[in-house]
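Coordinate inspection notes
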2 protein chains.
Amino acid sequence: MAHDHDHKELLDKVRFELPTDELLCDLADLYKIFGDTTRIKIMYSLFEEEMCVCAIAELLGMTQSAISHQLKILKDANLVANRRDGKTIYYHLSDDHVRSIIAQGFEHLVEEQE
Amino acid sequence: MAHDHDHKELLDKVRFELPTDELLCDLADLYKIFGDTTRIKIMYSLFEEEMCVCAIAELLGMTQSAISHQLKILKDANLVANRRDGKTIYYHLSDDHVRSIIAQGFEHLVEEQE
DNA sequence: TTTTCATATGAATATGTACTCATATGTTCA
DNA sequence: TGAACATATGAGTACATATTCATATGAAAA
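Residues numbered from 1 in each chain as written. Chains lettered and ligands numbered in written order. Predicted model: local features only at pLDDT ≥ 70, side-chain atom pairs only at ≥ 80, totals over all residues. Heavy atoms only, no water.

**Some thoughts on the nonpolar core**
Core analysis: the biggest nonpolar cluster contains 77 residues, and F34, L79 and I102 of chain A together with F34, M51, L79 and I102 of chain B have the highest contact counts within it. Not counting chain neighbours up to four residues away, the residues in contact with F34 of chain B comprise A28 and Y31 of chain A together with I40, M43, L79, V98, I101 and I102 of chain B. (Core = buried A, V, L, I, M, F, W, Y, C linked by side-chain atoms within 4.5 Å. Buried < 20%, exposed > 50% of the residue type's maximum accessible area, 1.4 Å probe, protein only. Contact = heavy atoms within 4.5 Å.)

Now the structure itself:
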């Protein structure tokens, strides 16, 4: 068996503080979206300006299809939104959370390297 | 062909603002670690107190081996650290970044549901 | 030293997922 | 209406990875 010693008190305390499984899963799902280089690059590309799909594809040197698939994931998570102008569809960040979440990650990386 | 219209100026501008590939990959790798329910639960469990491996396993209802594998990933990323006390090894968060990164995610989720 | 306990770890498997390819949808212009 | 363009999407494939199982490591107690 793996454990013998007792920690029921500790477990009860921590269990009480732990959010619901559903919330923790949602949180993991959110970060899962940030955990892909292509999606990070797409989001970063939209930091300053809206861009159309083919511009993002050209910028990142990837196919239109690949970018489109990733944009769908970002859109389903409400991280980006789009508008149509004729044949072209322009994507932009849907709110400032993307910026602050990415900024927070950078901070950790920077302090890591010191 | 996918694109016909011109956006060289935009691409040059955005390309200039984009961080290096290496940095963007590091960022994605960091978030990848947060993008797993088990690891999120482990980190959350360590919010208030240090815990030994078997306590975490019992808390989450998972095997000691599974938890140990995930703790290694967290430790390699400098997100948790440990200390030995006899046969037992206690893990704790290595700094406050974990807390603030998770808090940031929560904020996004909460505003999402409004 | 041998046994027991706590944890770590390598290999195998099963599941998830990013990209490709082909094609569908929707818009504009001739 | 038909052709060209921009984007979306379903199926298939290749690769990554979380967990399990068996076993190794390392420390304390008998």
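**Brief notes about the protein's contact with DNA strand D**
Near DNA strand D there are 30 residues, and of these S65, S68 and Y91 of chain A together with T38 and S65 of chain B occur at the shortest range. Per the 4 Å cut-off to the protein, sugar and phosphate atoms form 65% of the nearby atoms of DNA strand D. A distance of 2.7 Å separates a base oxygen of DNA strand D from a polar side-chain atom of S65 of chain A. For DNA strand D, a base nitrogen lies 2.7 Å from a polar atom in the side chain of S65 of chain B. (Near = heavy atom within 4 Å. Polar contact = N/O pair within 3.5 Å; in protein donor to acceptor, adjacent residues only side chain to side chain.)

**Structural notes on the protein's contact with DNA strand C**
Near DNA strand C there are 30 residues, and of these H5 and S65 of chain A together with S65, S68 and Y91 of chain B occur at the shortest range. Among the atoms of DNA strand C lying within 4 Å of the protein, the sugar-phosphate backbone contributes 66%. Taking T63 of chain A, its side chain carries an N or O atom lying 3.0 Å from a phosphate oxygen of DNA strand C. Interatomic distance of 3.1 Å between a side-chain N/O atom of Q70 of chain A and a phosphate oxygen of DNA strand C. The set of elements that each furnish at least two residues to the surface near DNA strand C consists of α3 (37–45) and α5 (64–76) of chain A together with α4 (53–60), α5 (64–76) and β3 (88–93) of chain B. Per-class residue counts for the surface near DNA strand C are nine nonpolar, 13 polar and eight charged. (Helix = DSSP H or I, 4+ residues; strand = E, 2+ residues; numbered from the N terminus. Nonpolar A, V, L, I, M, F, W, Y, C, P; charged D, E, K, R; others polar.)

**Some thoughts on the interface of chain B and chain A**
Note: interface size is frequently given as the accessible area lost on complex formation between the parts. Taken together, the contacts link 59 residues of chain B with 58 residues of chain A. Both sides of the chain B and chain A interface together cover about 5400 Å² of buried area, and 70% of this is carbon and sulfur. Area buried by chain B at its contact with chain A is led by Y31, H97 and H108 of chain B, which between them contribute 12% of it. Linking chain B to chain A there are four salt bridges. In this structure, K41 of chain A and D21 of chain B form a salt bridge, with 3.1 Å as the shortest nitrogen-oxygen distance. Counting the contacts that link chain B with chain A gives 14 residue pairs in polar contact (both at pLDDT 80 or more). Those elements giving two or more residues to the side of chain B that touches chain A turn out to be α1 (8–17), α2 (21–34), α3 (37–45), β1 (51–52), α4 and α6 (97–112) of chain B. At twelve residues, the largest contribution of residues to the side of chain B that touches chain A is made by α6 of chain B. Broken down by class, the residue content of the side of chain B that touches chain A amounts to 28 nonpolar, 15 polar and 16 charged. (Buried area = accessible area lost by both parts, 1.4 Å probe. Salt bridge = Lys/Arg side-chain N within 4 Å of Asp/Glu carboxyl O.)

**So, the sheet that holds β3 of chain B**
All names here are of chain B. In spatial order, the strands read β1-β3-β2; together these three strands make up an open sheet with antiparallel pairing. Lying at the two open borders of the sheet, with one neighbouring strand each, are β1 and β2 (80–85). Judged from the six bridges that link them, β2 and β3 form a sheet pairing that is antiparallel. Bridging from a neighbouring strand, R84 pairs with I89 of β3. (Pairing = 2+ DSSP bridges.)

**Let's talk about the side chain of Q104 of chain B**
Locating Q104 of chain B in the fold gives a position in helix α6. Judged by relative accessible area, which is 13%, Q104 of chain B ranks as buried.

**Some thoughts on the pattern of salt bridges**
Following the criterion strictly, the structure yields twelve salt bridges over all chains and no others. Residues E49 of chain A and K13 of chain B are paired through a salt bridge, measuring 2.7 Å at the closest nitrogen-oxygen approach. Of the two residues, E49 of chain A sits in the loop between α3 and β1 (51–52) while K13 of chain B sits in helix α1, which places them in two different chains. E49 of chain A sits in the partly exposed class, given a relative accessible area of 26%. Overall, the relative accessible area of 42% leaves K13 of chain B in the partly exposed class. Among the ionic pairs, R99 of chain A bridges to D96 of chain A, the shortest N-O distance being 2.9 Å. Classification of D96 of chain A by relative accessible area gives exposed; the value is 53%.

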